[in-house]
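Listed below, chain by chain, are the residues.
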Amino acid sequence: MTRTAKDFFAPLAVGAPAPLREIPARPSRAIHFFDPGNEKMAAKVPDMVGTVDVLLGNLEDAVKAENKEKSRQGLVDIGRATDFGPTQFWTRINSLDSPWVLDDLTTLVPEIGDKLDVIMVPKVQGAEDIHYVDRLLAQLEAKAGLTRPILVHAILETARGVANIEEICAASPRMQGLSLGPADLAADRRMKTTRVGGGHPGYLVRQDAPKVGGETQYDAERTSYQQDLWHYTIARMVDACAMHGIYPYYGPFGDILDTVACEDQFRNAFLLGCVGAWSLHPVQITIANKVFSPSVEDVTHARRVITAMGDGTGAVMIDGKMEDDASVKQCQVMVALAEELAAIDPELKKQYAAIPDQVEVHQS
Ligand SMILES: CC(=O)SCCNC(=O)CCNC(=O)[C@H](O)C(C)(C)COP(=O)(O)OP(=O)(O)OC[C@H]1O[C@@H](n2cnc3c(N)ncnc32)[C@H](O)[C@@H]1OP(=O)(O)O
Ligand SMILES: O=CC(=O)O
Ligand SMILES: [Mg+2]
């Protein structure tokens, strides 16, 4: 028999901390990946605290098999030595079918479980994977005497994971969010690409061939438009996360030097409802912080609409556009995010604080 609603919020091991009833909305515009076993990267971590919303010590793909233990120990050392202040501290453990994951969890929880906010689980296929991690974490938390539950984030990077997205989101009160993993997902789906995220010049639609004198000119110059390979999956992920009160993220963008296309990909995700993206290189932190913070123009407009709409019902005209109960709700989302970010980002706080409140409206 499945667990009842009441059981859902009971700890899965005697002495484990009580599950959270709501996942806190903490800023996480960039989830910055570093290899804790790479001395050069690890040395930069203390100075990155406060400059990025999430620092994630990666133990999975991108860490060579022969370095798995070194990276795990590096993460323990960093976790013990670092005061993370306002920055969240996450890790990505090895996949559940790997020989390393059990040692990842049984080492990290007792050693630095009090510092870890979220554990990212790769290649999640269905609810059974989350149930396994959920119970094991409860046992380890109880043994370690932790007082706050470690949250779980799943990477959506298999076709089965996408098909089971709803049950994954609903599998545990620990579920914090989902990230799109476009590289593994492309391989698992047998997509014919060789990239880590981003678009593809071959995935396009072309303008119809023009007709001249009744003859269709198939050889004529025609405009073509590159399409977004990831639109379907991101949109699905956003809906599933919103429905379950957890947070969606775009994942990696592997073309580090193409900061322009990275910004576009991140912005598409932001507009569709994602709260952040992965950063693989320090240059991508700046991009994510910019893109996933509402612009001053958007916050200015949102505040004007909220002020004009009073109790939030009815319809008004602002700058020639109709605003009503539905658009004011979008504006509330924008302003709530701006306030949340202003609380941790002094520069944004200054920019948003300078926005005037006056608005001219015509009541309809
Ligand atoms: C599909 C997936 O699973 S994606 C997630 C897994 N992948 C990752 O986590 C990749 C993380 N990033 C990296 O490994 C590296 O950034 C690479 C390999 C992409 C590029 O590394 P480099 O060639 O060293 O980049 P570059 O020369 O520009 O680095 C400049 C400096 O930034 C440092 N740096 C690079 N990436 C990072 C990082 N993610 N975090 C902290 N420091 C970094 C470098 O060590 C270097 O330091 P130095 O100035 O002291 O020499
Ligand atoms: O882990 C991320 C991916 O794209 O694969
Ligand atoms: Mg992957």
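Predicted model, so just to flag it, every value in this text is computed and none were measured. (Residues numbered from 1 in each chain as written. Chains lettered and ligands numbered in written order. Predicted model: local features only at pLDDT ≥ 70, side-chain atom pairs only at ≥ 80, totals over all residues. Heavy atoms only, no water.)

## With respect to the overall build of the protein
Basically, it comes down to this: Helix and strand definitions here come from DSSP, where helices need a minimum of 4 consecutive H or I residues and strands a minimum of 2 consecutive E residues; each element is numbered from the N-terminal end. Radius of gyration: C-alpha atoms only; globule rule: 2.2 Å multiplied by the number of residues to the exponent 0.38. Exposure is judged per residue with a 1.4 Å probe applied to protein chains only, and the accessible area is read against the type maximum: over 50% gives exposed, under 20% gives buried, and values in between give partly exposed. Only heavy atoms enter the contact rule, under which two residues are in contact if any of them lie within 4.5 Å. Counted charges follow a simple rule, with Lys and Arg positive, Asp and Glu negative, and His plus the chain ends left uncounted. Think of each charge as sitting on NZ of Lys, CZ of Arg, CG of Asp or CD of Glu.
Summing up its helical and strand segments, the protein has 14 helices and 15 strands in all. On C-alpha atoms alone, the protein measures out to a radius of gyration of 23 Å, which is about the 21 Å that the 2.2 N^0.38 rule sets for 364 residues. When its C-alpha atoms are laid out on the principal axes, the protein stretches across 75 × 55 × 50 Å. The buried share among the 364 residues of the protein stands at 46%. In the protein, once contacts between residues fewer than 6 apart in sequence are set aside, the share between residues at least 24 apart is 73%. Side chains of the protein give 36 positive and 50 negative charges; the mean places of these two sets differ by 3 Å.

## Re the coordination of the magnesium ion (ligand 3)
Put simply, the test is: Only nitrogen, oxygen and sulfur atoms qualify as donors, and only when within 2.8 Å of the metal (3.2 Å in the case of Na, K and Ca); with water excluded, sites may look incomplete.
All of the protein donors around the magnesium ion (ligand 3) are E157 (OE) and D184 (OD); their distances to the metal are 2.1 Å. Of this pair, E157 sits in the loop between β5 (151-156) and α6 (159-163) while D184 sits in helix α8 (residues 182-188); the two residues are 27 residues apart in sequence, bridging distant segments of the chain.

## Focus on the UniProt feature "domain: HpcH/HpaI aldolase/citrate lyase" (unreviewed entry) in the protein
The criterion, for reference: UniProt positions are given in the numbering used here, feature names are shortened, and annotations may be inferred rather than shown by experiment.
In the UniProt entry, the feature "domain: HpcH/HpaI aldolase/citrate lyase" (unreviewed entry) is given for residues 33-195. In the segment residues 33-195, helix accounts for 44% and strand for 17%; the C-alpha atoms at its two ends are 18 Å apart.

## A short note on the site of ligand 2
Note the following rule: Here a residue counts as near a molecule or strand whenever at least one of its heavy atoms sits within 4 Å of it. N or O atoms closer than or at 3.5 Å make up a polar contact, with two conditions inside protein: a donor-capable atom paired with an acceptor-capable one, and, for residues adjacent in sequence, both atoms drawn from side chains. Note on areas: these come from Shrake-Rupley sampling with a 1.4 Å probe, and a residue is covered only by the protein chains present in the view.
What surrounds ligand 2 is the set R92, E157, G181, P182, A183, D184, P252 and W278. One of the side-chain nitrogen or oxygen atoms of R92 is found 3.0 Å away from an oxygen atom of ligand 2. Note that an oxygen atom of ligand 2 is positioned 2.9 Å from one of the side-chain N or O atoms of E157. Coverage of ligand 2 by the protein amounts to 94% of the 190 Å² it exposes when considered alone.

## Brief notes about the site of ligand 1
Around ligand 1 lies a shell of 17 residues, among which H32, F33, K44, L280 and H281 are the nearest. At 2.8 Å, a backbone N or O of F33 approaches a nitrogen atom of ligand 1. With respect to ligand 1, the side chain of K40 contributes an N or O atom lying 2.9 Å from an oxygen atom. Here ligand 1 loses 62% of its free accessible area of 960 Å² to cover by the protein chains. Of all the elements in the fold, those that place two or more residues in the shell around ligand 1 are β1 (30-34) and α2 (39-48).

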